[in-house]
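Below, each chain spelled out in residue letters.
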Amino acid sequence: MFLEVETHCHTIASGHAYNTLEEMVLEAQRKGLKGICITDHGPEMPGSCSSLYFYNLVVVPRKINGIMVFRGCEANIVDYEGNIDIPEAALKKLDFVIASLHDVCIPSGTVSDHTRALIGAIKNPYIHCIGHPGNPLYEIDKEEVVLAAKEYKKAIEINNSSFYVREKSKENCIEILKLCKKHGVYIAMGSDAHYKADIGRCEITQKLVCEYEFPPELIVNKSLESFISFLKLHGKDIEI
């Protein structure tokens, strides 16, 4: 297994995924992972859960069958200033927050609009990672976004499912990966699994990371220890 922590997956709470939280965790265990982030969509995603779901994630055990469970979300960016659909009080209770642009939550605009939105999200102290920034529907100034991530010690996701569901993402992802290497910026390798069989599935991202000799110490979910260390940079004191 190339990774020890799955940083991006969805349960039935997201409204368009097909397994329960426990099923996703047990699949992570079956595949030899050591940790999993449950990152269901915020409430602006049609069919997804309310903010109460994220407030109450504290009831989920930190470990299930020996697998570390990180309470998270994939928040929807809802305007070009980078505001998201999860209240601050709920964000404070979460371990790992991804912020992403989705076409059902915000229309595509200009490169400047999209870049401003992502940088605004990066500046939010409760957001840890920018999700699938290679999406060609939302073209960005890639270097400007990467440099903002460096300044605020945030991670940029190289989203494996984008290579299948977002046409023409690969070129953007390669350019982003190269810029993260150039500037020493963290990346997260997420499967974006909506069905349990895809948990930990990052084969294309892994191939690119190897091909472009990306520094393993900048992959936040390479190991459970590296992920815990990354979260500690953002004030999350979680014991293994």
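Quantities reported herein were computed from a predicted structural model and do not represent experimental measurements.

Comments concerning unusual backbone geometry
Part 1 of the argument: Of note in the backbone geometry, H132 takes a positive phi value of approximately 30° without being a glycine.
Part 2 of the argument: One non-glycine residue, K153, lies in the positive phi region at around 60°.
Part 3 of the argument: Positionally, K153 belongs in the loop between α5 (142-152) and β7 (155-159).

Structural notes on the UniProt feature "domain: Polymerase/histidinol phosphatase N-terminal" (unreviewed entry) in the protein chain
Part 1 of the argument: Here, the residues flagged by UniProt with the feature "domain: Polymerase/histidinol phosphatase N-terminal" (unreviewed entry) are residues 5-79.
Part 2 of the argument: Between the C-alpha atoms that bound residues 5-79 there is a distance of 30 Å. The span itself is 20% helix and 24% strand.

Here's the deal with the environment of E151
Part 1 of the argument: Along the polypeptide, E151 turns up in helix α5.
Part 2 of the argument: A sequence separation of 34 residues divides E151 from V185, and the C-alpha atoms of the two residues are 9.0 Å apart.

Some thoughts on the packing of helix α4 (residues 111-123) against α5
Part 1 of the argument: Closest axis-to-axis distance for the α4/α5 pair is 10 Å, and the angle between their directions is 5°. Regarding the angle of α4 to α5, the classification is roughly parallel. On the side of α4, the interface is formed by T115, L118, I119, I122 and K123, while α5 contributes E144, V145, A148, A149 and Y152.
Part 2 of the argument: Across the contact of α4 with α5, the residue classes tally to 7 nonpolar, 1 polar and 2 charged.

Structural notes on the pattern of salt bridges
Part 1 of the argument: Across all of its chains, the model carries 12 salt bridges by this definition.
Part 2 of the argument: The salt bridge involving E27 is made with R30; its shortest N-O contact spans 2.9 Å. Highlighted residues: E27 and R30, both in helix α1 (residues 21-30), separated by 3 residues, approximately one helical turn.
Part 3 of the argument: Judged by its relative accessible area of 9%, E27 falls in the buried class.
Part 4 of the argument: When its relative accessible area of 61% is taken as the criterion, R30 is described as exposed.

Calculation rules
Residues numbered from 1 in each chain as written. Predicted model: local features only at pLDDT ≥ 70, side-chain atom pairs only at ≥ 80, totals over all residues. Heavy atoms only, no water. Helix = DSSP H or I, 4+ residues; strand = E, 2+ residues; numbered from the N terminus. UniProt positions renumbered as here; feature names shortened; annotations may be inferred. Axes fitted to C-alpha atoms, helices over the stretch in contact; angles between N-to-C directions. Parallel < 35°, antiparallel > 145°, perpendicular 65-115°, else oblique. Contact = heavy atoms within 4.5 Å. Nonpolar A, V, L, I, M, F, W, Y, C, P; charged D, E, K, R; others polar. Salt bridge = Lys/Arg side-chain N within 4 Å of Asp/Glu carboxyl O. Buried < 20%, exposed > 50% of the residue type's maximum accessible area, 1.4 Å probe, protein only.

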